[in-house]
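Notes for the structure review
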Amino acid sequence: MYTNKDGKLAWRPFELINPAAYVYLVNIITDKKNWNQIQTRFKSFQKNKNIKCCGLPIVKNNSPNKGETIKGWFESFEKESIKLSLDYNCLLITDISNCYGSIYTHSIAWALHPDGRKGAKRDKDKKNLLCNAIDIIIQNISYGQTNGIPQGSVLMDFIAEIVLGYADSILFDKIKNDKTIKKQSYYIMRYRDDYRIFTQNKTDAEKIAQYLSDTLAELNLKLNENKTRITENIVTDAQKSDKLYWRDTYECKNLDVRILQIHSLAEKYPNSGSVDKALTRFCDDLEKEDLINNDLELIACVVVDIAFRNPRTYPYAISVLGRISMLLSKKEAKSLFDKILKKFHSVPNSEYLNVWLQRLSKNGALKGLGDNPGLCKYMKTIRKNPTKNNTDTIWDYSACGDEVQKIFKNTPIVDVDKFESMTEYPMPDEIKVFQKYQ
C-alpha cells in the first residue's frame, strides 16, 4: 500500500515482505559466521573517524524501538550538530533522493564482499557467498527486480545501512586523495540517508558534496538537489525549521483553538514530525478533558483537513475522530463519517487510510468503515468467517512449489481475536512514538 511523503505527489510504498523470505534472510544474516563477516565489514566502513554513522537501528529490551531511534537522532545528530558549531564555520545539509527505492541490489554484494565492487563482480557466480545470497534473496522478495528494496521494516533499514556504510568508505577514500582538504578541516555525520557536512569554509563543503555525489552515482543513488543547502548559521540551521516554529508557538489550553494552531503548523510545515508530536499531545489531552464545552464538530473538521493534506497523521486523526464518535449519537456519528468518507473519496492510494478507518468499525454506528480494498477487504472476510489461526505450517521448509502457495493461501494472516480485543478507537499510548520523551 502507498503513503505520501510530502503531502502532495511523493508517494512511496509500505510493503509487507513475504514472512518466509523475511525469516530466511534473518537466519542467514544472524548465522554466527555470517554475522562476524558483516561486523568486520562495518568496522571497515567506520575506519574514518571523520565520518560518523548515526542511523543504525536501536534495539531496547530485545525489540526495535522507534522512540529510542528518534531520540538517538536528536541526541547524536541534532544536538551534536549544534555543539560542532564551535569547531566548524560552515554546514552543508543534504539527503539522498528516494534512497530505498533506488538501491541497486548488486550494490549489497559490493558492500559485503571483502574486496568491494571488483571482488563481487569477479565472484558474482559463487552463489554460496554471503554477499550473493543476500543479493538474490532481496531480488526474490521484489519479483526479481534489482532496483529498490522494500520500505517499512527494521531489517531493510539494516540492509540499507550496509550499502550506505560502503558509500561512507568510498567517500572517505575520495576525500583522502584530495590533498587540499585537511583531515581536521571536515566532519561528516550521516543519519540513514541524511547528511551533514561540517567544514571551515564553503569551498571544502562544495568539494566534499561533489565527491559524495560521485560516490552515490556509482551506487545508482543521487543527492536531492531541492534539499541541499549551505549555511554558516550552524546553531539555527542544525535544528529542523518546523521544530523551531512550534517551539515558539504558544499552545492554547482551549482545544478548539489549539487544533487550529496545529492546522497552521501543518500548513507551514506539511507532513513534518512536529505535526505528529503536536497531535500526539492533543490526543492525550482529548482523553483527559471533559469535552462538553468544546466544539466537537469544529475539532473533527479541522483534524480531517490536517489528515487530508498530511497522510502521515492518519493514526492521530483516527484517534481524535474515534474519541469524538464515542460522544455522539449513532445518527450524528454516521452523518459525520459519511461526510469524512466523501471528503477522502478523491484521495488516491487510500488503502493505508482504510486500514485505520477499519479500526473504527468496531463502533456499531460506524460498521463497514474501511472495508475496501485489498488488505481491508480480506480482514472483513476473515472477521465474518473466523478460523483458528495456526501459522505453524508457514515455517514448513520441506514444502516447495505449489505446496508453498497453498500453505500461504490457506493460512490466515489476521489474528481476529487480537482485533476484537482492541479498543473501539486507537488510544494515545497505542499510536505515540515516544512514551517518556514527550
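Above this text sits the structure in question.
Residues numbered from 1 in each chain as written. Predicted model: local features only at pLDDT ≥ 70, side-chain atom pairs only at ≥ 80, totals over all residues. Heavy atoms only, no water.

This paragraph deals with the overall build of the protein. What the protein contains, in helices and strands, is 21 helices and 9 strands. Taken over 438 residues, the protein has a buried fraction of 48%. Across the protein, every contact between residues at least 6 apart in sequence was considered, and the portion connecting residues at least 24 apart equals 73%. On the protein, roughly 23,400 Å² of surface is accessible, and the fraction owed to carbon and sulfur atoms is 51%. (Helix = DSSP H or I, 4+ residues; strand = E, 2+ residues; numbered from the N terminus. Buried < 20%, exposed > 50% of the residue type's maximum accessible area, 1.4 Å probe, protein only. Contact = heavy atoms within 4.5 Å. Areas by Shrake-Rupley, 256 points an atom, 1.4 Å probe, with all protein chains shown as cover.)

So, on to the pattern of salt bridges. Where charged atoms from two side chains of opposite charge come close, those side chains can pair. If you walk through the whole model with that rule in mind, you get 18 salt bridges. Taking the shortest distance from any N to any O, the salt bridge between R309 and D305 comes out at 3.1 Å. Taken as a pair, R309 and D305 lie in helix α14 (residues 296-309) at a separation of 4 residues, close to a single helical turn. By relative accessible area, R309 is classed as partly exposed at 38%. The class of D305 is buried, set by a relative accessible area of 15%. (Salt bridge = Lys/Arg side-chain N within 4 Å of Asp/Glu carboxyl O.)

A word on the pairing of strand β6 (residues 90-95). By the criterion of burial, β6 is predominantly enclosed, with 6 of the 6 residues buried. Of the two faces of β6, the one holding C90, L92 and T94 and the one holding L91, I93 and D95 are both buried throughout. Taken together, the 6 bridges between β6 and strand β8 (residues 194-199) define a ladder with antiparallel strand orientation. By the bridge assignment, I93 is partnered in β8 with R196. Bridging between β6 and strand β9 (residues 229-231) involves 3 bridges; their strand directions are antiparallel. Paired with L92 across the strands is I230, a residue of β9. (Pairing = 2+ DSSP bridges.)

This part is about the side chain of S325. Along the chain, S325 turns up in helix α15 (residues 314-327). Those residues within four positions of S325 in sequence are excluded, and the remaining contacts are A333, F337, N363 and L366.

When the terminal C-alpha atoms of α15 are compared, their 20 Å separation across 14 residues agrees well with the 20 Å that a helix rising 1.5 Å per residue should span. Counted residue by residue, α15 has 12 buried out of 14 residues, so it is predominantly covered. All buried positions along α15 are accounted for by Y314, P315, Y316, A317, I318, S319, V320, L321, G322, R323, I324 and S325. Lining the buried residues of α15 we find α13 (273-288), α14, α16 (330-344), α17 (351-359) and α21 (428-431). (Expected span 1.5 Å × (residues − 1).)

Before going further, it helps to spend a moment on the pairing of β8. β8 sits mainly inside the fold: 5 of its 6 residues count as buried. Hairpin geometry of strand β7 (residues 186-191) and β8 is characterised by an intervening segment of 2 residues between the two adjacent antiparallel strands and by a positive phi of about 55° at R192.

All right, on to the packing of aromatic side chains then. One pair of aromatic rings is described through two measures. These are the centre distance and the angle between the planes. In the structure shown here, the tally under the stated rule is 9 aromatic pairs. Geometrically, the ring pair formed by Y314 and Y352 is tilted, given 5.8 Å between the ring centres and 40° between the ring planes. Of this pair, Y314 sits in helix α15 while Y352 is found in helix α17, placing the two residues 38 residues apart along the sequence. Just as Y314 is buried, Y352 falls in that class too. Connected via pairs of aromatic rings, a cluster forms that spans W35, F42, F45, F158 and Y166. (Phe/Tyr/Trp six-rings, centres within 6.5 Å; stacked < 30°, edge-to-face > 60°.)

Now for the sheet that holds β7. Taken in spatial order, the 5 strands make up an open sheet running β3-β7-β8-β6-β9, and their pairing is mixed. Each edge of the open sheet is held by one strand with a lone partner, namely β3 (51-53) and β9. Sheet twist, expressed as the average angle between the axes of neighbouring strands with direction ignored, equals 15°. Along the sheet, helix α8 (residues 154-176) makes contact with β3, β7 and β8, crossing β7 at roughly 170°. (Axes fitted to C-alpha atoms, helices over the stretch in contact; angles between N-to-C directions.)

Quick look at the packing of helix α12 (residues 255-268) against α13 now. Across the interface, α12 lies against α13 with an axial gap of 9 Å and an inter-helix angle of 165°. In terms of their interaxial angle, α12 and α13 are classed as roughly antiparallel. Viewed along their axes, α12 and α13 form a crossing whose handedness is left-handed. In this structure, α12 uses L255, R258, I259, I262, L265 and A266 to contact α13, whose residues at the interface are S274, V275, A278, L279, R281, F282, D285 and L286. Of the residues contributing to the contact of α12 with α13, the split by class is 10 nonpolar, 1 polar and 3 charged. (Parallel < 35°, antiparallel > 145°, perpendicular 65-115°, else oblique. Left-handed = near helix turned anticlockwise from the far one by under 90°. Nonpolar A, V, L, I, M, F, W, Y, C, P; charged D, E, K, R; others polar.)

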